[in-house]
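Given next are the chains, with one letter for each unit.
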Amino acid sequence: MRKKRNLLIIFIVIALISFLVDKFFDGRSICLFYNTYGVACPSCGMTRSYMALLHGDFHKAIYFHPLFWAVPLLLIFYKKKRIFYSIALLFIVVWIIRLFLYFPTREPFNFNENAIFPKLYRTIKNKF
């Protein structure tokens, strides 16, 4: 029971941070991976995918993230390690394929030039 309450608190905090970032920082992403490395994470596009699905646009839902249907499976099979890790591996494979197809100019795989590592790279490159 305590784990469920902690997960609910974490979900509420993330939702609140998402809302505040969108409201006060002109729609910047709260994805730590994206803001650190400048590239999309394996779950990038998932929220937009579910929003498109809720609007009845199945084609756009698949475009934003083709594995939106697998998230409930991850939740169902989180105790069955073999199935869970197989689905997680599928996410990584699809992420790599999407990086080759969409990066760096197509949504949701736009490159973030203001991320930490690209800025650090430019700084080091300009020094030497």
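Above this text is the structure in question.
To keep things clear, this report deals only with the structure shown in the data block. (Residues numbered from 1 in each chain as written. Predicted model: local features only at pLDDT ≥ 70, side-chain atom pairs only at ≥ 80, totals over all residues. Heavy atoms only, no water.)

### Re the side chain of Ser 49
By the element assignment, Ser 49 lies in helix 3 (residues 46-54). Of the residues examined, Ser 49 reaches a relative accessible area of 0% and is grouped as buried. Apart from the residues within four sequence positions on either side, Ser 49 is in contact with Ala 61, Phe 64, His 65 and Phe 68. (Helix = DSSP H or I, 4+ residues; strand = E, 2+ residues; numbered from the N terminus. Buried < 20%, exposed > 50% of the residue type's maximum accessible area, 1.4 Å probe, protein only. Contact = heavy atoms within 4.5 Å.)

### So, the environment of Thr 36
Structurally, Thr 36 can be placed in helix 2 (residues 32-37). For the pair Thr 36 and Ala 115, spaced 79 residues apart in sequence, the C-alpha to C-alpha distance is 5.1 Å. With residues up to four places along the chain from it excluded, the contact list for Thr 36 reads Ala 115, Ile 116, Phe 117 and Pro 118.

### Looking at helix 6 (residues 81-102)
For helix 6, built from 22 residues, the straight-helix expectation of 32 Å at 1.5 Å per residue is met to within 8% by its first-to-last C-alpha distance of 31 Å. Here helix 6 has its buried residues at Ile 87, Phe 91, Val 94, Trp 95, Arg 98 and Tyr 102. Mapping the buried residues of helix 6 onto a view down its axis gives an arc of 110°, with all of them on the same face. Away from the buried face of helix 6 by more than 90 degrees, exposed residues Arg 82, Tyr 85, Leu 89 and Phe 100 are located. (Expected span 1.5 Å × (residues − 1). Arc of directions from axis to C-beta.)

### Quick notes on the nonpolar core
Among the nonpolar cores identified, the biggest contains 10 residues, and these are Met 46, Ala 52, Ala 61, Leu 67, Phe 68, Ala 70, Leu 74, Ile 87, Phe 91 and Val 94. Elements represented by at least two residues in this core include exactly helix 3 and helix 6. Those residues in contact with Leu 67 that sit more than four places away from it in its chain are Met 46, Leu 90, Phe 91 and Val 94. Residues Ala 40, Cys 41, Cys 44 and Trp 95 belong to the second largest nonpolar core, which totals 6 residues. (Core = buried A, V, L, I, M, F, W, Y, C linked by side-chain atoms within 4.5 Å.)

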